[in-house]
Amino acid sequence: MSDFDVRWALISDRDSITKLIRTPGVKWFGNIRQKFYGTDSLFNCYQTHRMVAHSVETSKLVAYAEFRTYPSITALPNDCWLEWLSVRYCLPMPISWLNTLFFNFCIYKSECPEVLAQVLQEVFYLENRATYFITVKMPNVKQQAHLKEYYGDLEKLCKIYYPREYSINNNFNTQSLYIVERFDMLPKITYRKALAEDNDDIIAIQEVEMPELREELGDFYIAEELMHQEREPQEEGDLLVVAEMNNKCQETELAIFIWMTTNFDIRYYVCNYEMGSFGNLVKFDPRMSFHYETLTVSSVHRRAAASMFTTDALEDLDAMTIVGGLQRNDSGMSVASVGKMKVSSINGTIDDAHVSKANKFYMREVLYSKFKNILEKLRSLDYYLRQETNTINFVYNAMSKPPGPKAIREASNVFLVKCVMARQDFPLPRLFNAVVAMFSAYPDKDYGMMVIPKRAKAITSHMEVLQYFIPVASRPSDESNQEEVYITHRSTIFGEISLYKLEKDDVSVVHSLSLGNTTEVGSPAGSNSSSVSYCSKINLREEAENELVVLDAIMKDVLENEYSDFHMFTIRCGNSTKPAKENTSVGFVVVRQFHDHSKLFDHYNLSRREAHLDRLRAEIISLRLHPLFIVSSSLILRELAKKTHFYDFYFITPFSGRTFSNDLKKMMMVLEPRAFKKAPIFFEPPYKRKKATSSVNLPTYNFSKDHLIIYRHRLFPVKWFTNNSRLVVIGFSSLTKAFLRKLIFQWNRKDQNNRGNYTCLSWVQVTVISSPGIVEAEYDSLFQCPYCSNIRKCYLSFNNRSCYIRDCCVRMDLRFWVHFVPGTVEFIERDKKFVKLQACEILYDTLICLCSQDYVIRSSNEDAIKKIPCNFVELNCRLNKFMLYYKVRALLEEVPRTYLIVIYGNNLCTYECISFLIEHGVDHSRLVLVQPHRYTGFGEEDKLKNPYWDSNIQQILDDLLSDNGMSIYNDFNFHHWVVHETTDFIMDVVFQHFPSRRMMTFECDLFISFDEGKISYQDKQCSIYGVQTRNGW
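Residues numbered from 1 in each chain as written. Predicted model: local features only at pLDDT ≥ 70, side-chain atom pairs only at ≥ 80, totals over all residues. Heavy atoms only, no water.

## Concerning the overall build of the chain
- Across its full length, the chain holds 29 helices and 43 strands.
- By residue count, 50% of the 1033 residues in the chain fall in the buried class.
- Looking at the chain alone, contacts between residues at least 24 apart form 77% of all its contacts between residues at least 6 apart.
- When the accessible surface of the chain is totalled, it reaches about 51,100 Å², and 51% of it is carbon and sulfur. (Helix = DSSP H or I, 4+ residues; strand = E, 2+ residues; numbered from the N terminus. Buried < 20%, exposed > 50% of the residue type's maximum accessible area, 1.4 Å probe, protein only. Contact = heavy atoms within 4.5 Å. Areas by Shrake-Rupley, 256 points an atom, 1.4 Å probe, with all protein chains shown as cover.)

## Here's the deal with the state of the cysteines
- For the structure on display, the rule yields 0 disulfides.
- Of the cysteine sulfurs around cysteine 809, a residue in no disulfide, the closest is that of cysteine 808, at 6.4 Å.
- According to the relative accessible area criterion, cysteine 809 is buried, its value standing at 5%. (Disulfide = S-S within 2.5 Å.)

## A word on the pairing of strand S42 (residues 999-1003)
- Every second residue of S42 is oriented toward a common face, the buried set being Met1000 and Phe1002 and the non-buried set Met999, Thr1001 and Glu1003.
- As paired strands, strand S41 (residues 986-993) and S42 are joined by 5 bridges and run antiparallel to one another. When the bridges of S42 are listed, valine 989 appears paired with phenylalanine 1002.
- Hairpin connection between S41 and S42: a loop of 5 residues separates the two successive antiparallel strands, and arginine 997 in this loop has a positive phi of roughly 65 degrees. (Pairing = 2+ DSSP bridges.)

## Here we look at the sheet that holds S42
- Across the sheet, which stays open at both edges, the 3 strands sit in the order S40-S41-S42 with antiparallel pairing between neighbours. In the strand order of this sheet, the two ends are held by strand S40 (972-979) and S42, each with one partner. Strand-to-strand twist across the sheet, computed as the mean angle between neighbouring axes with direction ignored, equals 25 degrees.
- Sheet analysis places S40 next to S41, joined by 7 bridges and oriented antiparallel. (Axes fitted to C-alpha atoms, helices over the stretch in contact; angles between N-to-C directions.)

## Concerning the side chain of aspartate 506
- By secondary structure assignment, the location of aspartate 506 is in the loop between strand S20 (496-501) and helix H18 (507-515).
- Its relative accessible area of 6% is what places aspartate 506 among the buried residues.
- A polar atom in the side chain of aspartate 506 sits 2.8 Å from the side chain of arginine 572.
- Dropping the residues within four chain positions of it, aspartate 506 is found in contact with Lys501, Thr570 and Arg572. (Polar contact = N/O pair within 3.5 Å; in protein donor to acceptor, adjacent residues only side chain to side chain.)

## A closer look at the packing of aromatic side chains
- This model, assessed by the stated rule, comprises 57 aromatic pairs.
- When the ring of phenylalanine 284 is compared with that of phenylalanine 290, the centres are 5.2 Å apart and the planes differ by 85 degrees; the resulting orientation is edge-to-face.
- Phenylalanine 284 sits in the partly exposed class, given a relative accessible area of 42%.
- Geometrically, the ring pair formed by phenylalanine 745 and tryptophan 817 is edge-to-face, given 5.7 Å between the ring centres and 70 degrees between the ring planes. Of this pair, phenylalanine 745 sits in the loop between helix H21 (734-744) and helix H22 (753-757) while tryptophan 817 sits in the loop between helix H24 (803-810) and strand S31 (819-822), and the two are 72 residues apart along the sequence. For the pair phenylalanine 745 and tryptophan 817, one class covers both residues: buried.
- Connected via pairs of aromatic rings, a cluster forms that spans Phe872, Tyr904, Tyr969, Phe972, Phe974, Trp977, Phe991, Phe1002 and Phe1007. (Phe/Tyr/Trp six-rings, centres within 6.5 Å; stacked < 30°, edge-to-face > 60°.)

## A short note on the confidence of the model for the chain
- For the chain, mean pLDDT is 84; residues scoring 70 or higher make up 87% of the total.
- Low pLDDT, under 50, characterises residues 322-355; the stretch is placed with 36 contacts to residues that sit more than four places away or in other chains.
- Here residues 518-539 is modelled with pLDDT under 50, and outside its nearest four sequence neighbours on either side it reaches 40 contacts, counting other chains as well. (pLDDT = per-residue confidence, 0-100.)

Below is the structure:
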């Protein structure tokens, strides 16, 4: 067992570190002068790793160390140290930008010199690609005793190198390098094929986290598998590998077990997963003979946001409504007989001539068709997701074999990792070495793949290894509970990621990377007729092309303007010591200095104690990166900081407007908006700062007013926050939003310990099931109301919720973390723990139902209102508002003079809706307001304040509406509605007066209800009284 506990230094450790620095008798090396400036300045300077070591026995701090990607030499630019080393020293090892860190400072108690070795080991575990740690010792100078450095303990662990000008006779007082090599500090790992006699050791490793395997397969299933392979070598394909290490007694122990195979059905994964980006997992060289197969696969395409709720999109729905021969009322009486109508010559109006209800419906048949079509389309899954059947060309080299499974296996370019496990005391970060060994075992394969069953529990070793893999999207399939597939590439593991300044030859590279991930739009979703326009004729490349225009202006400015505001680099994979042309381009990044940090405090949770970062903050304008290299996000941002001298990166995405790409935003911390706006927010116009670059047209933000999603990365170590069990939530209500926000930002505490020490990332295992269109409408930002000049104040966009709820849809995007599944729940299997939808089964460990609705129509006859008619509206979500808007629009187009709208309710939301209708073209005289009887509370109930109802305000509003010709009826409760005998169209709505119980019937074309779906005070008291009576209280 280790004598010291080594971990990252936290802000809470500052006092103990300061105390250690001032303790007599400690030893150190590096620049200690700046450590005496005070506790507050101790963590101000950027360090890649700050490590502290505590004694396990006494729990006291015994050491503090700092590591960085460049040396602590003030006169040396951060990105020039490699040239400095090559000129001044003759080093035998292959030093590069990425395999080297500088051990710049360490202080430790003199009685604990062995702590140095454990600190170095821990940092080697954290830095899997680091091979060398370098400490630069400066020439000896006369100084006070308390500033004297000590390198004696470090010399025992490293090799010392002197500069070229060193001479033991004439020039011995020079700089020197103390270099620690990885393989001298870490225990040696030896990999070999597993043997049958390893069975007991392998079973012991697996039994810690997977004891069910032993119960299911027996005590000797590993030995049986190995002996089976020896007996039947023709069935080769599986490879079982073990790793051995020496313990403190120099005895060999089994540390890692890996089970890999190439014996699996590649066709299955090509047909059921999106493997096109990975070469369909096979090798293909057109210069060699090959086999050609055509596979039929399914794919799902999400409807573009601009094709959902915009005016053009709904005009297409309107056009689809009349396809098939239905004519408009103003073009002729195709259904209703002219003899059953009386045409008045007064003002050209049309009056009913005491016709039957059937004829009244026929007069509104087109209106019903539009209502029905809008309701069915906007609530149907097919409107938002389009499933297609496509054919793909599956081409692979013949390898002198006939087409079939054997030929595919010969041409395979992937191996499958079935299991990787480490013993309990093995340092998990070192499992990266196991991934290296996997690819070494298959030198002819470029891809490695892992398959995790959905019902499998999380295994620590698997979770550690999966950080080097990326998930693969699954295709629609008849297979239930498909496994989760992850894949990685050889270059991800062995390649070095480096950044190079933009050159003229890189312009075409940026173009291809910027447009490489976009695809042309296919046929419109839900449309089988070419006569209907594709919404607003959206091309999915448009956003990327608009971004490319800005990128062209930035590239021109960077290449021609010496004092450009922008820094632009290409991201390449290969050998970081070689020129850019010899490495493969995998991305690019554009940054500029961020000047508006002080404007974020009003809306976002930020610390005001970071003045030392002024002028060191940068805004990421655009960042594109191949998905396989997202795992190298920390390396990329560290290199970016080294080259630009920025150490605090921000990326800003507006809720609406022009957006830019950032493929690393999932690895950046999202700033949580303030839960409460305690102080007034002043809407100041944005300050126009003088720029050295004026030719680039970038959007400007009003940070006090605009809805912005802001990502941040302070180059801190990444810490993941997650929930341990699979959580399924049914419903996307306000309660759901508040719960998800609490879960996602569980790291954001008032003491700021987490966000002040780590890059906090959330990885929640949450699935939310909601009706189709609900989530899409909440996050829609492209709808433009033609009646309202200020879109944010429009009724269709305004949200009557607290800012804690509102910000879930405008200052953060919950889809960033949570998996949303549209559909309708058919049943819940509680024994097997899954929720059955029409298309899939969703497994859960914990199920939460948050399906509450603000408005639910209530009636004495519940069976009569089970089926919702197409002209009935309850505004429980933004999707309902969109449907109301387009129904009102259809109503004004089809029957502009004879329509009637009945509104039921008496809370403030009712009057907001009335205001919306009047402002959007509805006449006062065509509105009828029916107000239910509201019970007045007594005692405790009377003291409660209801923010949605005020009798004094209600009287004023009623007088205003009555004066403008609107009909208002008080104390009438909803009783039932009468629908047409052959359709679900409300013809009449019946209300009952309180207390006389007399009935009143209203004809209507649209019925809007604000009946509050909450238990009344009287029912609540009756329920409490009933419970007390049953329990004998």
